[in-house]
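The lines below spell out each chain.
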Amino acid sequence: MSAAVYAGSFDVLTTGHMWMIDQGAKLFDQLIVAIGDNPAKKSMFDAPFRKELIQKSVKEVGHMNVQVHVFSGLYLFEYARACNVNYILRGVRNAEDFEYERVMRNLNGDFAPEIQTVCLMPPREIAEISSSIVKGLIGPEGWEHLVRTFVPAPVFEALNER
Ligand code: PNS
C-alpha cells in the first residue's frame, strides 16, 4: 500500500493546498495531511482550528482516504517514519519553492533514505496562490470578492467571522 504525508502549516488553507490534497488522494492509497508549525511564520489560526477547517474542506471534496493530523516536536522525516509512510508529498510553484524543496528533499533523504519526496507542480491558474498572499489580501474594501476564489468555503467563512 502506498501512503504519503503532505505536511505544511496550512495557515491559511488555500485552493492550491486543496489541489495538492486532491492529487495526493488520487496518487496514493492513503494521504495524511499533517499540520505543523513553521517557527518562521506567525499563525493566524491555532492548529486544532486549522485541522477542523481542513477536515471540513476535504469532506466537501469527498476523499475517503485522507486523514488530517497535527504534529509537533518531530522532524518531518521522523513524523513520516512514525506514520509508516513511504512518501513525503510537497508542492513546487516556482524557482524559490524549488530551491527550498531541493534542500529539504536532500536533508530528509539523508536522514531517512527509505522515504521518497514527491513534488508536484500546480497548474498556472493557481500557481500564484500562497497562504501569505491570501492573508495579505484581507482588509481593503471588497477583499471578500478576491479572497473567496483563493480559499475553500469553510476557510472563507472563518476569515469572514474574524
Ligand atoms: O507550509 P510550510 O510552512 O512550508 O510547512 C512547514 C512544515 C511544518 C512542513 C515544516 O516546518 C516542517 O517540516 N517542520 C518540521 C521540522 C522539520 O522537519 N524541519 C525541516 C528540517 S529538514
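Residues numbered from 1 in each chain as written. Predicted model: local features only at pLDDT ≥ 70, side-chain atom pairs only at ≥ 80, totals over all residues. Heavy atoms only, no water.

### What about the site of the ligand?
Right, so step 1: Around the ligand lies a shell formed by A7, G8, S9, G36, N38, K41, F71, L74, Y75, L76, R90 and M104.
Right, so step 2: Residue S9 places a side-chain N or O atom 2.7 Å away from an oxygen atom belonging to the ligand.
Right, so step 3: Separating an oxygen atom of the ligand from a backbone N or O atom of L76 is a distance of 2.7 Å.
Right, so step 4: Here the ligand is seated within the largest pocket.
Right, so step 5: Across the shell around the ligand, the residue classes tally to six nonpolar, four polar and two charged. (Near = heavy atom within 4 Å. Polar contact = N/O pair within 3.5 Å; in protein donor to acceptor, adjacent residues only side chain to side chain. 1 Å grid on protein atoms, 1.4 Å probe; cavity = no way out; pocket = protein on both sides within 12 Å on 5 of 7 lines; lining within 4 Å. Sits in = over half its atoms within 2 Å of the grid points. Nonpolar A, V, L, I, M, F, W, Y, C, P; charged D, E, K, R; others polar.)

### Some words on the layout of surface pockets
Right, so step 1: Approximately 1400 Å³ is the volume attributed to the largest pocket.
Right, so step 2: Lining the largest pocket are 45 residues, and of these G8, N38, K41, R90 and Y100 sit closest to its centre.
Right, so step 3: Secondary structure elements with two or more residues in the lining of the largest pocket: β1 (3-8), α1 (15-27), α3 (76-82), β4 (87-91), α4 (95-111) and α5 (131-137).
Right, so step 4: By residue number, the principal contributor to the lining of the largest pocket is α4, which donates nine residues.
Right, so step 5: By residue class, the composition of the lining of the largest pocket is 19 nonpolar, 16 polar and ten charged. (Points joined across faces, edges and corners; volume = space filled by probe spheres on them. Helix = DSSP H or I, 4+ residues; strand = E, 2+ residues; numbered from the N terminus.)

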